[in-house]
Amino acid sequence: MALGRHRRGDRGVDYWPGFVDALSTLLLAIMFLLTVFVLAQFILSREISGRDEVLNRLNSQISELTELLALEKSGKTDLEDTLANLQSSLTTSESERSRLQSLLDRGAGAGDAVNARVGALTDELTQERQISARAASQIELLNQQIAALRAQIAAVEGALQASEAKDQSSQARIADLGRRLNVALAQRVQELNRYRSDFFGRLREILSDRENIRIVGDRFVFQSEVLFPVGGNELDDAGRVEMDKLASALLELAQEIPAEINWVLRVDGHTDNAPLSGTGRYRDNWELSSARATSVVKYLITKGVPANRLVAAGFGEFQPIAEGDTLEVRSQNRRIELKLTER
């Protein structure tokens, strides 16, 4: 009887069920925190998907950490299942123990067998408690690993913030460089416009006595008859005289233009819309206009104008300055145009 009272007293002070409930609550809280963390990680990965290569590498690291957390979460679920099984076994053992204790109270003859059975169940209960202790140790290790993962993620977030700050600084520098480049380009354009005005002024003085030389916008226009014979591409005597004047003006102006201004004189050849027979030296107006522009360029080179400052282009009959098929209109469209521009 004293043994029975002693057993009932031990059962009254058993804290194990409360410990298991507290441990389950702690596990649920950890699960909730992990769920919030995974959701936050997903949102963070969505926000930084458009970053540069450095941010992509950081996103890859975060993805690996998330996968590791998922693995840890799976392991934790297994531990929870183990604890549930242990709790079920413990409940069964407690029920069996109560039943045996009842049998012990009703029959003293079966006391030894019951005591042996209770001892065996007590040993099993001790082993189950040891297993529970090991499971709790594993849970503690899992919590430490989670804390380490959080520290790594915090470091990654710090690196992301530093990268964003660096990116903003780079964008500011790029904007400043763009503004400075626009200012420099504007200055270059102003300088080129000034020298273009000087060039136009000097050529206007040199060629002012010729009626068949016109100024159209920012170009000097020579009628082809002034420079070439009909259907030919070689400069005649009058054409060479005019090109000598042009070369002198160019050489004088080239000495004044700063070296950093990459200027060129573009020579454009144009013809009228009368088709060629195709049996002569040139098959069409494309070839004739290109040959005349090239002839002017080559002559200017012989007069000392640098070849890298000259450009020849042929437009055939496809860029007329007058519309129609009259002789006067065709005469206006047969021309050589000179334009000082920047390469």
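Structure's up top.
In what follows, the accompanying structure is described. Residue numbering note: each chain is counted from 1, following its sequence as written. Local features in a predicted model are, by the rule used here, given only for residues with pLDDT of at least 70; side-chain atom pairs are given and counted only at 80 or more, and totals for whole chains, interfaces and linings are based on all residues. With hydrogens and water stripped out, all remaining heavy atoms of the structure feed into the side-chain values.

**Side note on the overall build of the protein**
Short version of the rule: Put simply, DSSP marks the helices as runs of H or I at least four residues long and the strands as runs of E at least two long, and each gets a number from the N terminus on. Three exposure classes are used, based on accessible area relative to the maximum for each residue type with a 1.4 Å probe and protein chains only: buried under 20%, partly exposed in between, and exposed over 50%. The contact criterion used is simple: two residues touch if any of their non-hydrogen atoms lie within 4.5 Å. The accessible surface values rely on the Shrake-Rupley method and a 1.4 Å probe; as for residues, cover is taken only from the protein chains in view.
The secondary structure content of the protein amounts to 8 helices and 5 strands. Along the protein, helices and strands appear, N-terminal first, in the series α-α-α-α-β-β-α-α-β-α-β-α-β. Out of the 343 residues belonging to the protein, those deemed buried represent 31%. Taking the intrachain contacts of the protein between residues at least 6 apart in sequence as the baseline, contacts between residues at least 24 apart amount to 72%. For the protein, the accessible surface area stands at approximately 20,200 Å², while carbon and sulfur atoms represent 55% of it.

**Quick word on the side chain of N333**
Going by this rule: Two N or O atoms form a polar contact when they lie within 3.5 Å of each other; inside protein one atom must be a possible hydrogen donor and the other a possible acceptor, and for residues adjacent in sequence the pair counts only when both atoms belong to side chains.
Inspection of the secondary structure assignment puts N333 in helix 8 (residues 327-333). Judged by its relative accessible area of 5%, N333 falls in the buried class. Of the polar contacts made by the side chain of N333, one reaches the backbone oxygen of A322; its length is 3.0 Å. Once residues lying within four places of it in the same chain are set aside, the contact partners of N333 are H270, T271, D272, P320, I321 and A322.

**Some remarks on the pairing of strand 2 (residues 219-223)**
Put simply, the test is: Only strands that DSSP links by at least two bridges are regarded as paired with each other.
In terms of burial, strand 2 is a largely internal element, 4 of the 5 residues being buried. Here strand 2 runs beside strand 5 (residues 335-342); their pairing, made up of 4 bridges, is antiparallel. For Q223, the partnering residue across the bridge sits in strand 5 and is R335.

**Side note on the pattern of salt bridges**
The cut-off we apply is this: Here, a salt bridge means any side-chain nitrogen of Lys or Arg that lies within 4 Å of a carboxyl oxygen of Asp or Glu.
Tallying each qualifying case throughout the model produces 9 salt bridges. Note that E225 and R334 form a salt bridge whose closest N and O atoms lie 2.7 Å from each other. Of this pair, E225 sits in helix 5 (residues 224-227) while R334 sits in the loop between helix 8 and strand 5, and the two are 109 residues apart along the sequence. With a shortest N-O distance of 2.9 Å, R283 and E287 are connected by a salt bridge. Assessed through its relative accessible area of 60%, R283 is described here as exposed. One network of salt bridges, in which partners are shared, links R219, R335 and E337.

**Here we look at the layout of surface pockets**
What counts is decided by this rule: In this analysis a 1.4 Å probe is tested at points of a 1 Å grid over the protein atoms alone, and where it fits but cannot get out there is a cavity; an open set with protein on both sides within 12 Å along at least five of seven lines is a pocket; lining residues have an atom within 4 Å of a point. Grid points are joined across faces, edges and corners, and a volume is the space filled by probe spheres set on the points. All residues other than Ala, Val, Leu, Ile, Met, Phe, Trp, Tyr, Cys, Pro, Asp, Glu, Lys and Arg, Gly among them, are scored as polar; the first ten of these are nonpolar and the last four charged.
Here the largest pocket is characterised by a volume of approximately 220 Å³. Around the largest pocket, the lining comprises 15 residues; the ones closest to its centre are V230, G231, D272, R292 and R334. For the lining of the largest pocket, the elements supplying multiple residues, two or more each, are helix 5 and helix 7 (285-302). In terms of residue count, helix 7 provides more of the lining of the largest pocket than any other element does, 3 residues in total. When grouped by side-chain class, the residues that make up the lining of the largest pocket number 7 nonpolar, 4 polar and 4 charged.

**A short note on the nonpolar core**
Here is the rule: Here, nonpolar core refers to any group of buried Ala, Val, Leu, Ile, Met, Phe, Trp, Tyr and Cys residues whose side-chain atoms link them within 4.5 Å.
Formed by 26 residues in total, the largest nonpolar core has its most connected members in L227, M243, V296, L300, I336 and L338. Only strand 2, helix 5, helix 6 (237-254), strand 3 (263-270), helix 7 and strand 5 provide two or more residues apiece to this core. Those residues within four positions of L227 in sequence are excluded, and the remaining contacts are F222, E234, L235, D236, G239, E242, M243 and I336. One finds I30, L65, L69 and I153 within the second-largest nonpolar core, a separate group that totals 9 residues.

**A closer look at helix 6**
A turn of α-helix holds 3.6 residues, and therefore any two residues three or four places apart point the same way. Which entries qualify depends on this criterion: Under the convention used throughout, the expected extent of a helix is 1.5 Å for every residue step, that is, one less than its residue count. Think of it as the arc spanned by the lines of direction from the helix axis to the C-beta atoms.
Over its 18 residues, helix 6 runs 25 Å from end to end, which matches the ideal 26 Å to within 8%, given 1.5 Å per residue. Residues of helix 6 that are buried: G239, E242, M243, L246, A247, A249, L250 and L253. All buried residues of helix 6 lie within an arc of 165° about the axis, which places them on one face of the element. The N-capping residue of helix 6, defined by a side-chain oxygen 3.4 Å from the backbone nitrogen of A238, is D236.

**Considering the packing of aromatic side chains**
Stated formally: Here the aromatic set is Phe, Tyr and Trp, taking the six-membered ring for Trp, and pairing holds for ring centres within 6.5 Å; pairs whose planes are under 30 degrees apart are stacked, those over 60 apart are edge-to-face, and all others are tilted.
Counting across every chain of the model gives 2 aromatic pairs. Ring centres 5.3 Å apart and planes at 35° place the aromatic pair W16 and F19 in the tilted group. Here F19 and W16 lie together in helix 2 (residues 16-47), a separation of 3 residues that amounts to about one turn. Exposure remark for W16: the relative accessible area of 17% places this residue in the buried category.

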